[in-house]
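A look at the structure
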Amino acid sequence: MVCDLDTRLRDAAMDWLKIRTNDGLESISSNDLLDFRFDGEPFRLMDPQRGIRKPKELAAALSIRTVYRPDGAKRPYEDEMGDDGLLRYKWRGEDLDHPENRALRSAMELELPLIWFFGVGVAMYQPIFPVYLLAEEPERHQFVIIPGAIRGLVDATSPAESQLRRYVMAESKRRLHQPVFRATVMRAYDTRCAVCSLAHGQLLDAAHIVPDSDEAGIPTVRNGLAMCKIHHAAYDAHILGVSPDYIVKIRADLLDEIDGPMLQYGLKERHDQKLMVLPSVRAQRPDRDLLSISYERFRSA
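I will try to describe carefully the structure that is included in this document. Everything quoted here is computed from the prediction, not taken from an experiment.

Here we come to the overall build of the chain. Regarding its fold elements, the chain presents seven helices and 13 strands. Scaling as 2.2 N^0.38, a compact globule of 301 residues should have a C-alpha radius of gyration of about 19 Å, and the chain matches this with 21 Å. In terms of overall dimensions, the chain has C-alpha extents of about 70 × 45 × 30 Å along its principal axes. Evaluated residue by residue, the chain yields a buried proportion of 47% over its 301 residues. Considering only contacts in the chain between residues 6 or more positions apart, those separated by 24 or more positions represent 60%. Surface summary for the chain: the accessible area is close to 15500 Å², and the carbon and sulfur share equals 50%. Within the chain, the 46 negative side-chain charges are centred at a point lying 4 Å from the centre of the 41 positive side-chain charges.

This next bit is on the pairing of strand β11 (residues 224-228). Most of β11 sits out of view: five of its five residues are buried. With burial as the criterion, each face of β11 is covered, one bearing G224, A226 and C228 and the other bearing L225 and M227.

This next bit is on helix α1 (residues 4-20). Helix length check: α1, at 17 residues, gives a terminal C-alpha distance of 24 Å against a target of 24 Å (1.5 Å per residue), a fit within 8%. Residues of α1 that are buried sit in contact with β1 (28-29), β2 (37-38), β7 (114-121) and β8 (124-137). In the segment just after α1, N22 is the residue with positive phi, at about 55°.

The residue after F129, namely P130, is reached through a cis peptide bond having omega -10°. Inspection of the secondary structure puts P130 in strand β8. In this model, A123 sits at a positive phi of 60°, which is unusual for a non-glycine residue. By the element assignment, A123 lies in the loop between β7 and β8. Its identity is not glycine, yet D190 carries a phi of approximately 55°, on the positive side. What makes D190 exposed here is its relative accessible area of 59%.

Let us now look at the pairing of β7. Counting buried residues along β7, eight of its eight residues qualify, which places the element largely inside the surrounding structure. As judged from the four bridges shared by strand β5 (residues 63-66) and β7, these two strands associate in the parallel manner. Bridging across to β7, S63 finds its partner in I115. Where β7 and β8 come together, six bridges link them in antiparallel fashion. Residue pairing for β8: L114 is matched across the bridge by V131.

Cysteine pairs can be linked by a disulfide, which is a covalent bond between their two sulfur atoms. According to the stated counting rule, one finds zero disulfides in the structure shown. Take C193: it sits in no disulfide, and the sulfur closest to it among the cysteines is that of C196, at 3.6 Å. The exposure class of C193 is buried, given its relative accessible area of 0%.

Another aspect to go through is the pattern of salt bridges. This structure, assessed with the given rule, holds 16 salt bridges. In this structure, R50 and D47 form a salt bridge, with 3.6 Å as the shortest nitrogen-oxygen distance. Under the relative-accessibility criterion, D47 is labelled buried at 12%. As a salt-bridge pair, D205 and K229 come within 2.7 Å of each other at their nearest N and O atoms. Of this pair, D205 sits in strand β10 (residues 204-208) while K229 sits in helix α4 (residues 229-236), and the two are 24 residues apart along the sequence. Residue class for K229 comes out partly exposed when judged on its relative accessible area of 41%. Among the charged side chains, a salt-bridge network with shared partners connects D47, R50, R92 and E100.

Quick look at the side chain of S243 now. Along the chain, S243 falls in the loop between β12 (240-242) and β13 (248-250). Judged by relative accessible area, which is 5%, S243 ranks as buried. Those residues in contact with S243, other than ones at most four positions away along the chain, are L291 and Y295.

What counts and how
Residues numbered from 1 in each chain as written. Predicted model: local features only at pLDDT ≥ 70, side-chain atom pairs only at ≥ 80, totals over all residues. Heavy atoms only, no water. Helix = DSSP H or I, 4+ residues; strand = E, 2+ residues; numbered from the N terminus. Rg over C-alpha atoms; globule rule 2.2 N^0.38 Å. Buried < 20%, exposed > 50% of the residue type's maximum accessible area, 1.4 Å probe, protein only. Contact = heavy atoms within 4.5 Å. Areas by Shrake-Rupley, 256 points an atom, 1.4 Å probe, with all protein chains shown as cover. Lys, Arg positive; Asp, Glu negative; His and termini not counted. Charge placed at Lys NZ, Arg CZ, Asp CG, Glu CD. Expected span 1.5 Å × (residues − 1). Pairing = 2+ DSSP bridges. Disulfide = S-S within 2.5 Å. Salt bridge = Lys/Arg side-chain N within 4 Å of Asp/Glu carboxyl O.

If you want it as structure tokens, here you go:
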């Protein structure tokens, strides 16, 4: 049985996070997480020392955490995606009966929603919620995670049919991978469009240089560009390209076209201009090999 306090706490925490993260569009600092209060008292949503937060007031875990590491750096626990398209979250250590693993097991058995705090910078987290633990894989010391939006579509005891599996993989990427990818890219570009420097986060997307459907389209900051929605759409439609030396190119036929101010100032006048915004950290700048792949597709479109 789940007590009323448990239900109220989880609902209050997720409602508060929706407001503080602009409905999941923005990341949040560990310091700002301390602002959360429950029944008038400060209440920690994330454990600053451990990956699994199990408050003493609850019978099961409330949240899980994946620490931030720069591209290429190894995390203490490497969470991974399985062939079924669902992500895995590693146990604390390898002890089946460790209290934190038992806390996660209780959340799974009681079918309770969890908050996943995924590190996207130093002391910065992208909260993903609600997520549920669908199953446990003891031999690999991990749990299977499913986004709340597709809960009930997959049975832990039998593999999904191929068509459903493709849908599950796509939704898992959209619900779990994309928020993390977006938050990482926005932080690298200081929430500004790389092409025009627009700084309104609600009007910005994290664009993949090479699509995530491509084998090379890994969801890392070096395969990302912060773009306003107009430039993102133009990039995906091969109206706008970015060369490996970070120069913006506009498709030749549009350069001769006469239209309104958006075409003139938003696209044509960006032709042959350098990207206006690049990450200050060189290791986070667009991968030139990935830009080459994308730029060749733009030129041949």
